[in-house]
Amino acid sequence: VAPVASDPLVMGAELSPGADVLRQGQLFDVMGVTRSVTEKEVKKTYRVLALKYHPDRNPGKDAQEKFRKIAKANEILSDPEMRKAYDYYLDHPEQQMQNMAEYIRLSYAPKTPVSLAVIGTLIFLSIVQHVNHKWRYDFAFRQLQNDLVFKRRVNELFQEQYGKSKAIKNAQAKKLKEEIGRGILDRGEVHYGGDGFQLPTYDRLLLVQCLMLPYKVPLWFLSTLRWVVKYYILQMAYSKEDAAYVTRKRLGYTRNRWHFEGEEGQAQWLEKKLWTEAGWDAYQEELREKEREALATSGALRRKKRLMARGEYFESDDEQ
């Protein structure tokens, strides 16, 4: 971004007729102060001059130009960094390019420190993230409340814990059943919509994740190094935990989805040895076979066969 050519108060630039006057300290002259003026005195003088030359009080053309110059002078002289750069400019007018670059940097650079802007953004995104997680969790629970199997399970636990106590009123029973239902959801006894059923936790927030990076990155590096050495260099057999990890990743399961399988379900998956290429290929072939069986019993295939028998079916380019 370049300074405007019509501005006579641009430091270090021969862009207007007023630039030569600026070299002689025009900003101080505009405000009627000396070069030794303090920041507090500059602000006090500006308030007095602004009342006198403000366009609302003094509509004359000369007054408007005077007010513009006063505002620019106050902007530079009341800012410690801008004032320091301007004093340097007056003492070293020959360093034109350096003075111009410093002026542009101070004029157009963000006033808020970058670190504060980043932290503020992370806090805002984390709040939005937490609200979204909470909404998804509540939505999942509301959907499950309409499920007959879920209702039956809630009623079973309610009967186990409270029996047929007449001391519990309807409103209180409803609240207790909701607590039992949320407990079922939090323990992972049901699976609904991917991760939407997970109870919102602060450790999943973006801000917390960023703060944990200095701790997590070395752990990730060491874990990766251990994996490479153990299974790629030494060619060791997978441990049960690592085999479960590879199986879960290949299936695209989250931790909660894998936990939902239970010990019996996990054991059945591990028996397939999906972490090996042979086991994974066999599993893919098993899926294809199920698709063929489903297609063989589908109405679309039967209709296709009837049309082919009558000579009324013609294969499309895709089928060919």
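The residue count restarts for each chain, going from 1 along the sequence in the order it is written. Only residues with pLDDT of at least 70 get local features here, since the model is predicted, and only at 80 or more are side-chain atom pairs given and counted; chain-wide, interface and lining totals rely on the full set of residues. Based on all heavy atoms of the structure, the side-chain values leave hydrogens and waters out of the count.

What counts as a helix is a DSSP run of H or I of at least four residues, what counts as a strand is a run of E of at least two, and both are numbered from the N terminus. Looking only at helices and strands, one finds 16 helices and zero strands in the protein chain. Three exposure classes are used, based on accessible area relative to the maximum for each residue type with a 1.4 Å probe and protein chains only: buried under 20%, partly exposed in between, and exposed over 50%. Across the 320 residues in the protein chain, those meeting the buried criterion constitute 29%. Sequence-distant contacts in the protein chain: of pairs separated by 6 or more residues, those separated by 24 or more amount to 54%. Whether two residues touch is decided by their heavy atoms; if any such pair falls within 4.5 Å, the residues are in contact.

Attention now moves to the pattern of salt bridges. In what follows, salt bridge is the name for a side-chain nitrogen of Lys or Arg lying within 4 Å of a carboxyl oxygen of Asp or Glu. Under the definition given, this model contains 19 salt bridges. The residue Asp-87 makes a salt bridge to Arg-35 at a minimum N-O spacing of 3.6 Å. Taken together, the residues span a long stretch of sequence, with Asp-87 in helix 5 (residues 80-91) and Arg-35 in the loop between helix 2 (26-31) and helix 3 (39-53) at a distance of 52 residues. Here Glu-75 and Lys-72 are joined by a salt bridge, their closest N and O atoms 3.7 Å apart. Taken together, the residues Glu-75 and Lys-72, both in helix 4 (residues 61-77) and three residues apart, mark about one turn of the helix. Given a relative accessible area of 15%, Lys-72 falls into the buried group. Residues joined by salt bridges that share partners form a network here, namely Arg-35, Arg-83, Asp-87 and Asp-91.

Ring geometry is summarised as follows: Phe, Tyr and Trp rings, the Trp one being its six-membered ring, pair when their centres sit within 6.5 Å, and such pairs are stacked at plane angles under 30 degrees, edge-to-face over 60 and tilted between the two. According to the stated counting rule, one finds 12 aromatic pairs in the structure shown. Each ring, one from Phe-158 and one from Tyr-162, has its centre 5.2 Å from the other, and the planes form 40°; the classification is tilted. Of this pair, Phe-158 and Tyr-162 both sit in helix 8 (residues 148-162), four residues apart, which is roughly one turn of the helix. Residue class for Phe-158 comes out buried when judged on its relative accessible area of 8%. Arranged with centres 5.7 Å apart and planes meeting at 55°, the rings of Trp-227 and Tyr-238 form a pair that is tilted. Taken together, the residues Trp-227 in helix 11 (residues 213-233) and Tyr-238 in the loop between helix 11 and helix 12 (240-251) connect sequence positions 11 residues apart.

A separate point is a nonpolar patch on the surface. On the surface, a nonpolar cluster with roughly 1,000 Å² of combined accessible area is contributed by Trp-220, Phe-221, Leu-222, Leu-225, Val-228, Val-229, Tyr-232, Ile-233, Leu-234 and Met-236. Summarising the element assignment, Val-229 is placed in helix 11. You can call Val-229 partly exposed: its relative accessible area is 33%. Surface patches are defined over residues having more than 30% relative accessible area and no salt bridge, joining like charges when they lie within 9 Å and nonpolar side chains (Val, Leu, Ile, Met, Phe, Trp, Tyr) when within 5 Å. Accessible surface area values rest on a Shrake-Rupley calculation with a 1.4 Å probe, where residue burial reflects the displayed protein chains alone.

Let's shift gears to the confidence of the model for the protein chain. Averaged over the protein chain, the pLDDT score is 79; the fraction of residues at 70 or greater is 82%. Averaged pLDDT values for the elements of the protein chain fall to 41 in helix 1 (residues 19-22) and rise to 92 in helix 11. The predictor attaches a confidence to each residue, and that confidence, scored 0 to 100, is pLDDT. Every residue in residues 1-24 scores below 50 in pLDDT, and together they form 57 contacts with partners more than four places removed in sequence or on other chains.

Once that is clear, we can look at the packing of helix 4 against helix 5. Running from amino to carboxyl end, helix 4 crosses helix 5 at an angle of 100°, the nearest separation of the two axes being 6 Å. Here helix 4 lies roughly perpendicular to helix 5, going by the angle between them. Within the contact between the two elements, helix 4 uses Glu-75, Ile-76 and Leu-77 and helix 5 uses Met-82, Arg-83 and Tyr-86. Amino acids outside the nonpolar list (Ala, Val, Leu, Ile, Met, Phe, Trp, Tyr, Cys, Pro) and the charged list (Asp, Glu, Lys, Arg) are all regarded as polar, and Gly is one of them. Its residues assigned to classes, the contact of helix 4 with helix 5 shows four nonpolar, no polar and two charged. To get an axis, a line is fitted to the C-alpha atoms, and for a helix only the part in contact is used. The angle between two axes follows their N-to-C directions and goes from 0 to 180 degrees. Note on angle classes: values under 35 degrees are labelled roughly parallel, values over 145 roughly antiparallel, values of 65 to 115 roughly perpendicular, and the remainder oblique.

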